[in-house]
Amino acid sequence: MVLYELPKPPYSYDALEPHIDKQTMEIHHLKHHQSYVDGLNNTLEEIGGTSHPKYITSILSDLKSIPESSRNKIQFFGGGYENHRLFWETMNPNGGGTPGGKLEDSIDVYFESFENFKEIFSNYSLGIQGSGWCWLVFNQTFNKIEIITTQNQDSPWSLNKIPLLGLDVWEHAYYLKYQNRRNEYVLSWWNVVNWDYVSNRFSELSH
Ligand SMILES: [Fe+2]
């Protein structure tokens, strides 16, 4: 069986300072993300899985194919693996600003303006009770973008939606620096969003 490995963020742990601090990045990546990778590998081994890492999104899109006794664990660890992999990619020290191009056009269509989109997305993030994620997703069925939230490590892929941008609002993502002030974390995170990456992802999917 090919094991999943811990995906490396494309920048150093202190690169997102002051918005996301070095210690949070280190623990988030080396401890939390690693634990999802390990949990995913262990669970796949339990059920004799032979899936290649490339196909994690296929697994998340078709959880019914996983034996019921292990399904929750795959949903949790597999989601945690993939959600965090995307999270690192969608941030960048030179991030922030606006998406521009086709994605911004689409945001204007569905959310009136980028500023309005930011406000709605932020409000959704703040409204999540307990642990979860806020997402900008692409709904392939209707060829449109949407904002959704998921609990715990649930993945948009399991809802038949493709995540373009995700914000981790688990306390482990911000508590060291922001304590209970999730609103400050969310506000600061916009400064490191890698819109180039998110826009490219969108361009590949939409038509
Ligand atoms: Fe996390």
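Parameters at a glance
Residues numbered from 1 in each chain as written. Predicted model: local features only at pLDDT ≥ 70, side-chain atom pairs only at ≥ 80, totals over all residues. Helix = DSSP H or I, 4+ residues; strand = E, 2+ residues; numbered from the N terminus. Rg over C-alpha atoms; globule rule 2.2 N^0.38 Å. Buried ≥ 20, exposed ≤ 12 C-beta atoms within 10 Å, placed from the backbone. Contact = placed C-beta atoms within 7 Å. Domains from an automatic or database assignment. Nonpolar A, V, L, I, M, F, W, Y, C, P; charged D, E, K, R; others polar. Arc of directions from axis to C-beta. Core = buried A, V, L, I, M, F, W, Y, C linked by C-beta atoms within 7 Å. Pairing = 2+ DSSP bridges. Axes fitted to C-alpha atoms, helices over the stretch in contact; angles between N-to-C directions.

Asks: Help me understand the overall build of the protein chain, please; the structure alone is not making it clear to me.
Replies: Within the protein chain, the secondary structure is distributed over 8 helices and 3 strands. Ordered by position from N to C terminus, the α and β elements of the protein chain give α-α-α-α-α-β-β-β-α-α-α. Relative to the 2.2 N^0.38 estimate, which gives 17 Å for 207 residues, the radius of gyration of the protein chain is 17 Å and therefore close to what a compact globule would have. A principal-axis box enclosing the C-alpha atoms of the protein chain has dimensions of 50 × 40 × 30 Å. A buried classification covers 34% of the 207 residues belonging to the protein chain. Expressed as a percentage of contacts within the protein chain between residues at least 6 apart in sequence, the contacts between residues at least 24 apart total 69%.

Asks: What's the story with unusual backbone geometry in this structure? I'm lost.
Replies: Trans is the prevailing form of peptide bonds, just as negative phi is the prevailing case for residues other than glycine. The omega torsion across Glu17 and Pro18 is 0 degrees, close enough to zero to call that bond cis. The phi torsion at Glu112 lies on the positive side, around 75 degrees, for a residue other than glycine. Within the secondary structure layout, Glu112 lies in the loop between helix H4 (101-111) and helix H5 (114-127). A count of 11 C-beta atoms within 10 Å places Glu112 in the exposed class. Positive phi, close to 50 degrees, is recorded for Gln179, a residue that is not glycine. On the basis of neighbour count, Gln179 is assigned to the exposed category, with 11 C-beta atoms found within 10 Å.

Asks: I'm lost on the domain arrangement of the protein chain in this one. Help?
Replies: A common way to report how large an interface is uses the accessible area buried once the components associate. Each domain of the protein chain was delimited in the assignment, giving domain 1 (22-89) and domain 2 (101-205). The centre of domain 1, based on its C-alpha atoms, is set 20 Å off from the matching centre of domain 2. Each side of the interface is counted separately: domain 1 has 17 residues, and domain 2 has 17 residues. Of all the elements in the fold, those that place two or more residues in the side of domain 1 that touches domain 2 are helix H1 (22-46), helix H2 (56-61) and helix H3 (68-89). Looking at which element gives the most residues to the side of domain 1 that touches domain 2, the answer is H3, with 9 residues. Split into classes, the residues belonging to the side of domain 1 that touches domain 2 amount to 5 nonpolar, 10 polar and 2 charged.

Asks: Hey, could you run me through helix H8 (residues 195-205) in this one?
Replies: Count 3.6 residues to each turn of an α-helix, and residues three or four apart come out pointing the same way. Restricting attention to buried positions, one finds in H8 the residues Trp195, Val198, Ser199, Arg201 and Phe202. The arc that holds the buried residues of H8, viewed along the axis, is 160 degrees, so those residues lie on one side. Residues Ser203 and Glu204 are exposed on H8 and point more than 90 degrees away from its buried face. Of the surrounding secondary structure, the elements contacted by the buried residues of H8 are H4, strand E1 (132-139) and strand E3 (162-168).

Asks: Before we go on, may I ask you to explain the nonpolar core in this structure?
Replies: Where a protein is soluble and globular, its nonpolar side chains tend to be buried together. Leu136 and Leu164 are the most contacted members of the largest nonpolar core, which has 30 residues in total. Listed by contribution, the elements that provide at least two residues to this core are H3, H4, H5, E1, E3, helix H7 (182-189) and H8. Among the elements that line this core, the one with the most residues is E1, at 6 residues. Two domains each put at least three residues into this core: domain 1 (22-89) and domain 2 (101-205). Among all residues touching Leu136, those that are not within four sequence positions of it are Phe121, Ile145, Ile147, Leu164 and Leu165. With 13 residues, the next largest nonpolar core counts Tyr36, Leu40, Ile56 and Phe77 among its residues.

Asks: It is not clear to me how the sheet that holds E1 should be interpreted in this structure. Could you clarify?
Replies: Hydrogen bonds along the backbone pair up the strands of a sheet, which may run parallel or antiparallel. The antiparallel open sheet is built from 3 strands, whose spatial order is E2-E1-E3. Among the strands making up the open sheet, the edge pair consists of strand E2 (144-151) and E3. Recorded for the sheet is a direction-independent mean angle of 20 degrees between the axes of neighbouring strands. Where E1 lies against E2, 8 bridges are found, and the strand directions are antiparallel. Bridge pairing in E2 places Gly132 opposite Gln151.

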